[in-house]
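Close look at the chain arrangement
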Amino acid sequence: MSLSAAPHLVIFDCDGVLVDSEPITNQILVDNLARYGLQVSLADCMTLFVGGTMRGVETRARELGADLPKDWIDEIYGDIYARLRQGLPSVRGIEAVLDRLEAADIPYCVASNGSEEKMEITLGATGLARRFEGNRFSAHTLGVAKPDPRLFLIAAEKMGGDAAHAAVIEDSPTGAKAAARAHIPCFGYAEHDDGARLAAEGAYVFHDMADLPALLRLP
C-alpha cells in the first residue's frame, strides 16, 4: 500500500498505537483468567484478545473453559483501570508523529473499542490527553465496535473529513479489518511481532513510528 498524497485525516487506535498498554492489560487478563481456571500465556492472550471488546473476551474465555462470574466485566475493568492509573508509557515515537501532523495542519483523532474512561486514564497518564480533546471516539459511547467499519466512518464524519481521504493506524487485525471494510487505507503498527496477521487483513505493516510520517507522505 502507498498513498499518492498526504491524507486529509488520520485516525489512530488507542491501545498499542498511542499508548503502550497492551502488554500491561493483557498480563492482568492472564492473571485474572488463571484464577477462573483458564491458563493462557501472555503471547496467546494477545493473539486471542487484542483488538476485541471485553464482552467478546468474556464470551471467548467462557468457550475456552473459564468459569467467570456474572460481574466479570466490571471486575476486570476494575483491575485494569487500577493498574493503568499507576502509569504507563506512550508508544515510542508517537509524539513526533503528532507534531508532524500538526505542523502539516492535518487533523487527527482516536477511535477505540475501549471506553471513554479507559482512554481518559491512558491518554492522561501519558500526557496525550490534551492532544485528543474533543476528538476521541469510543465504541462504548457510539454503540458500534470494530471490526464494524462504522466506528471509523462515524469518526471521519464527526471530524468533518472524507473517509475516502483518511488513513487509519492500527495494531490489531480487528481494527485492520474494520479499516478495510470502511475502504480506508490502514497502516499496521507491529512493534511486538512480524505483523503477519495485520497484513492478512490488508494493512501495510511497519515496525517503527519514526517511519510513519514518510508512509503518510507528510511534508
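Rules used throughout
Residues numbered from 1 in each chain as written. Predicted model: local features only at pLDDT ≥ 70, side-chain atom pairs only at ≥ 80, totals over all residues. Heavy atoms only, no water. Buried < 20%, exposed > 50% of the residue type's maximum accessible area, 1.4 Å probe, protein only. Helix = DSSP H or I, 4+ residues; strand = E, 2+ residues; numbered from the N terminus. Pairing = 2+ DSSP bridges. 1 Å grid on protein atoms, 1.4 Å probe; cavity = no way out; pocket = protein on both sides within 12 Å on 5 of 7 lines; lining within 4 Å. Points joined across faces, edges and corners; volume = space filled by probe spheres on them. Nonpolar A, V, L, I, M, F, W, Y, C, P; charged D, E, K, R; others polar. Axes fitted to C-alpha atoms, helices over the stretch in contact; angles between N-to-C directions. Contact = heavy atoms within 4.5 Å. Salt bridge = Lys/Arg side-chain N within 4 Å of Asp/Glu carboxyl O. Disulfide = S-S within 2.5 Å.

**Concerning the pairing of strand β2 (residues 108-112)**
- Counting buried positions along β2 yields five of five residues, so the element is predominantly enclosed.
- Side-chain alternation along β2 places Tyr108, Val110 and Ser112 on one buried face and Cys109 and Ala111 on a second face that is also buried.
- Sheet topology note: the strand β1 (residues 9-12)/β2 ladder contains three bridges and is parallel. Counterpart to Phe12 in the pairing with β2 is Val110.
- When β2 meets strand β3 (residues 136-138), the two strands line up parallel, connected through three bridges. Paired with Ala111 across the bridge in β3 is Phe137.

**Some thoughts on empty space enclosed by the protein**
- Within this structure, the stated rule accounts for one cavity of 30 Å³ or more.
- Volume-wise, the largest cavity comes out at about 340 Å³.
- Surrounding the largest cavity, 24 residues form its lining, Asp15, Glu22, Gly51, Gly52 and Lys118 being those nearest its centre.
- Of all the secondary-structure elements, those providing two or more residues to the lining of the largest cavity are α1 (22-35), α3 (54-63) and α4 (72-84).
- Examining the composition of the lining of the largest cavity, we find that four residues originate from one element, α1, more than from any other.
- Tallied by class, residues from the lining of the largest cavity come to seven nonpolar, ten polar and seven charged.

**A word on the sheet that holds strand β6 (residues 204-206)**
- Strand order in this open sheet of six strands is β3-β2-β1-β4-β5-β6, and the pairing throughout is parallel. Edge strands, defined here as strands with exactly one partner in the open sheet, are β3 and β6. On average, each strand axis in the sheet is inclined to that of its neighbour by 25°, with strand direction left out of account.
- Contacts from helix α5 (residues 94-103) reach β1 and β2 within the one sheet, and its direction differs from that of β1 by about 160°.
- Here helix α8 (residues 150-158) sits on the sheet and contacts β1, β2, β3 and β4 (166-170); the angle it forms with β2, its principal contact strand, is near 150°.

**Considering the pattern of salt bridges**
- Under the definition given, this model contains 16 salt bridges.
- The salt bridge involving Arg131 is made with Asp99; its shortest N-O contact spans 2.7 Å. Here Arg131, found in the loop between α6 (116-126) and β3, pairs with Asp99, found in helix α5; they are 32 residues apart in sequence, far enough to count as distant.
- Here Asp148 ties to Arg150 by a salt bridge, and the two come within 2.8 Å at their closest N and O atoms.
- Salt bridges sharing common partners tie together Glu95, Asp99, Glu102 and Arg131.

**Remarks on the pairing of β1**
- The two faces of β1 match: Leu9 and Ile11 on one face and Val10 and Phe12 on the other face are all buried.
- By the bridge criterion, four bridges tie β1 to β4 in an arrangement that is parallel. Pairing of Ile11 across the sheet is with Val168, part of β4.

**Considering the state of the cysteines**
- Summed over all chains, the structure comprises zero disulfides.
- Between Cys109, a cysteine without a disulfide, and Cys14, which holds the nearest cysteine sulfur, the sulfur-to-sulfur distance is 12 Å.
- Since its relative accessible area comes to 0%, Cys109 is described here as buried.
- Free of any disulfide, Cys186 has its nearest neighbouring cysteine sulfur in Cys109, separated by 13 Å.
- By relative accessible area, which is 2% here, Cys186 ends up buried.

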